[in-house]
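Structural overview for review
Chain by chain, the residues run as shown.
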Amino acid sequence: MIKEHIASSFEARFGQPHLMVFSPGRLNIIGEHTDYNEGFVFPAAIDKGIYAAFGKCDSELCKVIALDMNESYEFTLDNITPLENGDWRNYVLGVTKGILDAGKKITPFNLVFGGDIPEGAGLSSSAALENAVVFGLNELFDLGLTKEEMIFISQKAEHSFVGVKCGIMDQFASMFGQKNTALLLDCRSISAKSFDIDLQEYQILLINTNVKHSLSESAYNKRRAVCEKVAAILGIQALRDADIPLLESIAEQIPDEEYQMARYVIEENKRTQKAVIAVQANDIAELGQLMYRSHHGLQHQYKVSCEELDFLVDRAKLNPDIAGSRMMGGGFGGCTINMIKKDAVTNYAEKTAAAYLEKFERNCSVYEVSLSQGTHLI
Ligand code: GLA
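Reading guide: rules and limits
Residues numbered from 1 in each chain as written. Predicted model: local features only at pLDDT ≥ 70, side-chain atom pairs only at ≥ 80, totals over all residues. Heavy atoms only, no water. Helix = DSSP H or I, 4+ residues; strand = E, 2+ residues; numbered from the N terminus. Rg over C-alpha atoms; globule rule 2.2 N^0.38 Å. Buried < 20%, exposed > 50% of the residue type's maximum accessible area, 1.4 Å probe, protein only. Contact = heavy atoms within 4.5 Å. Areas by Shrake-Rupley, 256 points an atom, 1.4 Å probe, with all protein chains shown as cover. Expected span 1.5 Å × (residues − 1). Arc of directions from axis to C-beta. Axes fitted to C-alpha atoms, helices over the stretch in contact; angles between N-to-C directions. Parallel < 35°, antiparallel > 145°, perpendicular 65-115°, else oblique. Left-handed = near helix turned anticlockwise from the far one by under 90°. Salt bridge = Lys/Arg side-chain N within 4 Å of Asp/Glu carboxyl O. Pairing = 2+ DSSP bridges. Phe/Tyr/Trp six-rings, centres within 6.5 Å; stacked < 30°, edge-to-face > 60°.

The helix and strand tally for the protein stands at 11 helices and 13 strands. Relative to its length of 378 residues, the protein is compact, with a C-alpha radius of gyration of 21 Å against a globular reference of 21 Å. The C-alpha extent of the protein, read off along each of the three principal axes, is 60 × 50 × 40 Å. For the protein, with 378 residues in total, the buried portion stands at 58%. In the protein, the proportion of contacts linking residues at least 24 apart, taken out of those at least 6 apart, comes to 72%. Approximately 15700 Å² of the protein is accessible, and the part contributed by carbon and sulfur atoms is 47%.

Here it is in structure tokens:
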């Protein structure tokens, strides 16, 4: 068990931990690249994530051990700045700095973490880590932060220490997730409605391409900038407020590439709201079609997919046991999410793994996940 492993590693190094936290990754049924456009998303926390053990310490140094990577890092609480190529360290540093900037008092701490969420899989291991750190420190030092304040500290760490201008979906889903439930999150009001997910004879299957193309971060920020530019030309706060006729009215003023991107966002926002209606009506066929259309838009209009993801979605389309499939998360690698008939999973996973290996000379990974509770003490 990972939890025991983290606890005993902490104990061997620092003595009994004061507390332990589990913070999950997330999936997203639909609503991709809509969050930073103040639109709708439909994510859920999953049963994979980060386990973290915390304790106070007497020295001047905070000591952090990333068990899975067999790496450690020490820092003092004064003058925290981002590291070049800091990887996981920047999430820890960014969140710690965010807490201090919020005027909260903390003293040096020890932290050991690890987990079962693959990095770069589009399952938001980063939000899981950020939330684990902010939630754990909030408990350890009794800071009185609300969950909402915590997710904004997590998001800010990503913006200013990692350099990705992400939306709020990942941090929200990881923090507020509930068992067997997906959350329709309005990213303008930051309020969510919970929906029980009963997929009947279907289940969710994630297939990880095991690739993460290097342009993912710069391309993400570029997409966001295009959306903000188009919204400014339209004279609206965010693309959430646009519809197709409004976009048409400025089509001549922007390059076609930007028109397509903005159009994708407007359409995806609509699809997300339709998907929730389909879920309420137990209409998995309709939900699946919306997912396929989402992928089509991400591939051809928003242009954040890649060959490996398209290969997996194209294969899914040919299989009558799969209602829908699409790439998930920021793009350029990571997972596809598939709605597949339960009794077809084993066979499909085997065949797809073989076909993927033959085509790309690398393995894909298949995960069956369940929808789970958000960040909590364990
Ligand atoms: C990443 C970001 C999220 C969101 C998705 C795309 O996961 O962290 O905020 O924008 O990409 O939907």
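The next thing to look at is helix α11 (residues 345-360). Between its first and last C-alpha atoms α11 spans 22 Å; for 16 residues at 1.5 Å apiece the expected length is 22 Å, and the two agree. Inspection of α11 places V345, Y348, A349, T352, A355, Y356 and F360 among the buried residues, and these make up the whole buried set. For α11, the angular spread of buried residues about the axis comes to 140°, placing them on one side. Of the exposed residues in α11, the ones pointing more than 90 degrees away from its buried face are T346, E350 and E358. As for α11, its buried residues are in contact with β9 (202-212), α10 (307-317), β10 (322-327), β11 (333-341) and β12 (365-368). Trailing α11 by a residue or two, E361 shows a phi angle of about 55°, which is positive.

Burial of helix α5 (residues 169-176) is extensive: seven of the eight residues sit out of reach of the surface. Three or more residues of α5 are buried, namely M169, D170, Q171, F172, A173, S174 and M175.

This part covers the environment of C57. Tracing the backbone shows C57 in the loop between β3 (43-56) and β4 (62-66). Through-space distance from the C-alpha of C57 to that of F109 is 5.1 Å; in sequence the pair is 52 residues apart.

Let us now look at the packing of helix α2 (residues 88-101) against helix α4 (residues 147-162). Packed helices, taken two at a time, are described by the angle their axes make and the gap between the axes. Where α2 contacts α4, the axes come no closer than 8 Å and their chain directions differ by 120°. It follows that α2 is oblique to α4 by the angle criterion. By crossing handedness, the relation of α2 to α4 is classed as right-handed. Here α2 contributes N90, Y91, L93, G94, V95, K97, G98, I99 and D101 to the contact with α4, which in turn contributes I153, S154, K156, A157, E158, F161 and V162.

Our focus in this paragraph is the pattern of salt bridges. Tallied over the entire structure, the rule returns 14 salt bridges. Residue D186 is joined to R240 by a salt bridge in which the shortest nitrogen-to-oxygen separation is 2.9 Å. With D186 in strand β7 (residues 181-186) and R240 in the loop between α6 (216-234) and α7 (244-248), this pair connects stretches of sequence that are 54 residues apart. Given a relative accessible area of 13%, D186 falls into the buried group. Assessed through its relative accessible area of 22%, R240 is described here as partly exposed. Ionic contacts of the salt-bridge type, sharing partners, join the residues E38, R188 and D241 into one network.

Turning to the pairing of strand β1 (residues 19-28), a few remarks are in order. In terms of residue burial, β1 counts as a mostly covered element, since 10 of its 10 residues are buried. Bridge count for β1 against β3 is nine bridges, and the pairing is antiparallel. Note that in β3 the partner of N28 across the bridge is P43. The pairing of β1 with strand β13 (residues 376-377) spans two bridges and is classified as antiparallel. Bridge pairing in β13 links V21 to L377.

Time to look at unusual backbone geometry. Notably, I190 is not glycine yet its phi reads approximately 55°, a positive angle. Relative to the helices and strands, I190 resides in the loop between β7 and β8 (191-196). The buried category is assigned to I190, whose relative accessible area is 14%. The backbone phi angle of N210 is positive, close to 60°, even though this residue is not glycine. Counting through the fold element by element, N210 comes out in strand β9.

All right, on to the side chain of T336 then. Mapped onto the secondary structure, T336 falls in strand β11. On the basis of relative accessible area, T336 is assigned to the buried category, the value being 0%. Setting aside chain neighbours within four positions, we find T336 in contact with L205, L206, I207, L309, L312, V313, S325, R326 and M327.

Looking now at the packing of aromatic side chains. Taken as a whole, this structure holds 12 aromatic pairs when the rule is applied. With 5.9 Å between their ring centres and 20° between their planes, Y73 and F75 make a pair best called stacked. We classify Y73 as partly exposed; its relative accessible area is 21%. Look at F75 and you get buried, because its relative accessible area is 6%. Members of the aromatic cluster, joined through ring pairs, are Y73, F75 and F109.

What follows deals with the environment of V226. Its location among the elements puts V226 in helix α6. Classification of V226 as buried rests on a relative accessible area of 14%. Each C-alpha atom, one on V226 and one on G98, is 28 Å from the other, the two residues being 128 residues apart in sequence. Once residues within four sequence positions are removed from consideration, V226 is found in contact with E258 and M261.

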